[in-house]
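Coordinate analysis (summary)
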Amino acid sequence: KNLVDNIFGSQKSELIPNGYDPEVFYPEVIDKEKFLKQFGITNPYKNIISFAGKFTKEKGIDTLLKALKLYENDDTITILAGDGELFNEMIELKNKLGINNVVFIKNQPHNILRQLYNVANISIVPSRKEAFGLVVIEALACKTPVIGTNTGGIKEIINERVGRLIEVDDYIKLAENVKYLLDNEPFDYDYIASYAKDKYSQDQFTNKLIALYNEVILEKNKKGKLFAFDEDE
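1. Some details on the packing of helix H3 (residues 61-71) against helix H8 (residues 171-184)
Contact pair H3 / H8: the axes reach a minimum separation of 8 Å and the direction vectors enclose 50 degrees. Of the possible angle classes, the one that applies to H3 and H8 is oblique. Crossing angle aside, the handedness with which H3 passes H8 is right-handed. Touching Thr63, Leu64, Lys66, Ala67, Leu70 and Tyr71 of H3 are Tyr171, Ile172, Leu174, Ala175, Val178 and Lys179, all from H8.

2. Some details on unusual backbone geometry
Unusually for a residue other than glycine, lysine 106 sits at a positive phi of about 60 degrees. With respect to the helices and strands, lysine 106 occurs in the loop between strand S3 (102-104) and helix H5 (110-119). The phi dihedral of glutamate 185 is positive, around 45 degrees, even though this residue is not glycine. On the secondary structure map, glutamate 185 appears in the loop between H8 and helix H9 (189-200).

3. With respect to the nonpolar core
Formed by 64 residues in total, the largest nonpolar core has its most connected members in Phe55, Leu65, Tyr71, Ile79, Leu80, Leu140 and Val178. Examining the composition of this core, we find that 6 residues originate from one element, H3, more than from any other. If we ignore the near neighbours within four places in the chain, the residues touching leucine 140 are Pro145, Val146, Ile157, Val162, Ile192, Ala193, Tyr195 and Ala196.

4. Considering the packing of aromatic side chains
Inspection of every chain in the model, using the stated rule, returns 10 aromatic pairs. For the ring pair phenylalanine 187 and tyrosine 189, a centre distance of 6.3 Å and an interplane angle of 65 degrees mean the geometry is edge-to-face. Its relative accessible area of 11% is what places phenylalanine 187 among the buried residues. Using a relative accessible area of 28% as the deciding quantity, one classes tyrosine 189 as partly exposed. Relative to tyrosine 195, the ring of tyrosine 191 lies with its centre 6.0 Å away and its plane at 35 degrees, an arrangement referred to as tilted. Residue tyrosine 191 and its partner tyrosine 195 are both found in helix H9; the two are separated by 4 residues, about one turn of the helix. The class of tyrosine 191 is partly exposed, set by a relative accessible area of 22%. Owing to a relative accessible area of 7%, tyrosine 195 belongs among the buried residues under this scheme.

5. Some remarks on the sheet that holds strand S2 (residues 76-81)
Reading across the sheet, the 6 strands line up as S3-S2-S1-S4-S5-S6 and stay open at both edges, with parallel pairing between neighbours. What marks the edges here is a single partner per strand, and that holds for S3 and strand S6 (163-166). Within the sheet, the average angular offset between the axes of one strand and its neighbour, ignoring direction, is 20 degrees. Pairing of strand S5 (residues 146-149) with S6 involves 4 bridges; the strand directions are parallel. Across the sheet, the residue bridging to threonine 149 is isoleucine 166, located in S6. Packed onto the sheet, H3 meets strand S1 (47-52), S2, S3 and strand S4 (122-125) and runs at close to 170 degrees relative to S2. Across the sheet, H5 is in contact with S1, S2 and S4; its angle to S1 comes to roughly 140 degrees.

Rules used in this analysis
Residues numbered from 1 in each chain as written. Predicted model: local features only at pLDDT ≥ 70, side-chain atom pairs only at ≥ 80, totals over all residues. Heavy atoms only, no water. Axes fitted to C-alpha atoms, helices over the stretch in contact; angles between N-to-C directions. Helix = DSSP H or I, 4+ residues; strand = E, 2+ residues; numbered from the N terminus. Parallel < 35°, antiparallel > 145°, perpendicular 65-115°, else oblique. Left-handed = near helix turned anticlockwise from the far one by under 90°. Contact = heavy atoms within 4.5 Å. Core = buried A, V, L, I, M, F, W, Y, C linked by side-chain atoms within 4.5 Å. Buried < 20%, exposed > 50% of the residue type's maximum accessible area, 1.4 Å probe, protein only. Phe/Tyr/Trp six-rings, centres within 6.5 Å; stacked < 30°, edge-to-face > 60°. Pairing = 2+ DSSP bridges.

This is the structure we're talking about:
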């Protein structure tokens, strides 16, 4: 938006961010034990930490695993959904760190991701780069608070009422925030879901886009140019 405004000067621009599908990601009651068993997890963990994303350097999964080493306990399981070029490398890092309570479940369809978000106490988005961060919105839409990095679109989404921001690669602060949030649960979970739906539902952006088109048509109609543009337009 800043670039467009700088290039075109007095031209009016509107920023419409990405949105999520509220018919796909929404709060629901999930049988935690049944959900975990489908991935071979039989221990009745009290806490679940989730991650969903591609296994690339930009996603910062190594930062999450280093933090996991610090916050790991017998009551908490961390579930990583996704695949990519660093998948095997992250398995090796997990083994090198001696982490026990973590499960890699590869890529999953939307309905399983929705269930994962709904059973999770916290979702983590430790990206080094993130243009927007759709997984942040999807988790929030399922009432799940998010710990994300202070970068890209993530910092525009997360506030103190829906999660926490940490600096890129700061695995110590990430671990501290996980421990604090699990111990204190300082959130209104209904608010988290409504925040996502009110601000980032695709319906909101569709309506805004229609309103913008109507505004443009109205302006051109006032100038007698409705659907009769000059050749250089």
